[in-house]
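Chain residues, written in single-letter form:
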Amino acid sequence: MKIVVLDNDRSQSDLICQVLTSAGHVCHGFQTGKDLLSQLRKEEYDMLIFDWQVSDMGGAELMRKAREKLNEKAPVLFMTSSSGEDDIVAGLDAGADDYMIKPLRRSEMVARVQALLRRAFPTQNGAEQLQFGQYVFETRPGRLLMDGNVLDVTHKEFYLALLFFRNIGRPLSRAYIHEAVWIRETDVPSRTMDTHVSRVRNKLQLKPENGFRLVPVYSYGYRLEKLGG
C-alpha cells in the first residue's frame, strides 16, 4: 500500500519509511505540511501518518486539508510526543483513526499500520496488481511482469514505468517525473532521468510491435503512447 509520512525531523520520517518499506509498503516522507498537501494533490495514497506537532500547520488543520485529498477509506494515524490527553483527544476528535506516542517502537508501528489497512481495505490481500496489456505491476513487492515473465528492473525503474502506464497518452513534464520518482533528491542531472527512461523503454520493449511507444516531448518531458487502439 502507498503510505505518506509527515514529520519535521527528516531522520524520523526516513526511519518510519524504512520500517514500512521493509514491511512491503511504498512510503514517501515529508517534513512540512505544505509539501505534504502539495504531494496529495498530485498522487493518491492509501494511508497518512503524521506528527501532530508539525511546525508549519496545526494538527487539526492539517487533518482537515489532508482528508479533502485522501482516498475516503484511507486511515490516518498521528504521532505525539506527549502522553497527556489533550493532543490525543484533539487528534481523535479531528478524525484520526489511531495514534502512537513517541518514541516509536518499530514492531508496534507495523502492527498498527497493518491493522488499520486491513480494516480500511478488507478485500485487498497480498499484492495490488495493475495490468496494462501484457504488463503486470505488483506494487507490494515492486515486481513487474511482461507476458508472465519477471523483468529485472530497479526500484526507480519500476515506479517510473508505472508512472508512465498510469498516464498513458498524457505528456509528463520532467519536473513532474522528478517529483514522482526522485522525491527527495533535489539535484538529479537531466541525463540521469534520460538514462532511466531509456532503460525502461529497452527493458519493457516499449516499441510499436508491442503496442506501445515511449517518446520524448520536445523541451517538456515524455509521453507513453498506446498504439492500435
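Before reading on, note that the structure itself is shown above.
Computed from a predicted model, the values in this text were never measured in an experiment. (Residues numbered from 1 in each chain as written. Predicted model: local features only at pLDDT ≥ 70, side-chain atom pairs only at ≥ 80, totals over all residues. Heavy atoms only, no water.)

Draft legend 1. Focus on the state of the cysteines. Tallied over the full model, the rule gives 1 disulfide. Between the sulfur of Cys17 and that of Cys27 lies a disulfide, 2.4 Å long from S to S. Taking the torsion about the S-S bond as the criterion, the Cys17 to Cys27 disulfide, at about -60 degrees, is left-handed. With Cys17 in helix α1 (residues 10-22) and Cys27 in strand β2 (residues 26-30), this residue pair connects regions lying 10 residues apart in the sequence. Across this residue pair, the class does not change: Cys17 and Cys27 are buried. (Disulfide = S-S within 2.5 Å. Helix = DSSP H or I, 4+ residues; strand = E, 2+ residues; numbered from the N terminus. Buried < 20%, exposed > 50% of the residue type's maximum accessible area, 1.4 Å probe, protein only.)

Draft legend 2. Spatial organisation of the sheet that holds strand β9 (residues 149-150). As summarised here, the arrangement of the 4 strands in space is β6-β7-β8-β9, forming an open sheet in which the pairing is antiparallel. Looking at which strands have only one partner, the edges of the open sheet turn out to be β6 (129-132) and β9. Alignment of β6 against strand β7 (residues 135-138), held across 4 bridges, turns out to be antiparallel. Bridge pairing in β7 links Leu130 to Phe137. Running at roughly 120 degrees to β7, helix α6 (residues 155-166) makes contact with β6, β7 and β8 (143-146) of the sheet. (Pairing = 2+ DSSP bridges. Contact = heavy atoms within 4.5 Å. Axes fitted to C-alpha atoms, helices over the stretch in contact; angles between N-to-C directions.)

Draft legend 3. Fine view of the environment of Leu117. Its place among the elements puts Leu117 in helix α5 (residues 106-120). Residues Leu117 and Leu130 lie 13 residues apart in sequence; the distance between their C-alpha atoms is 19 Å. Apart from the residues within four sequence positions on either side, Leu117 is in contact with Met1, Ile3, His25, Asp46, Met47 and Pro75.

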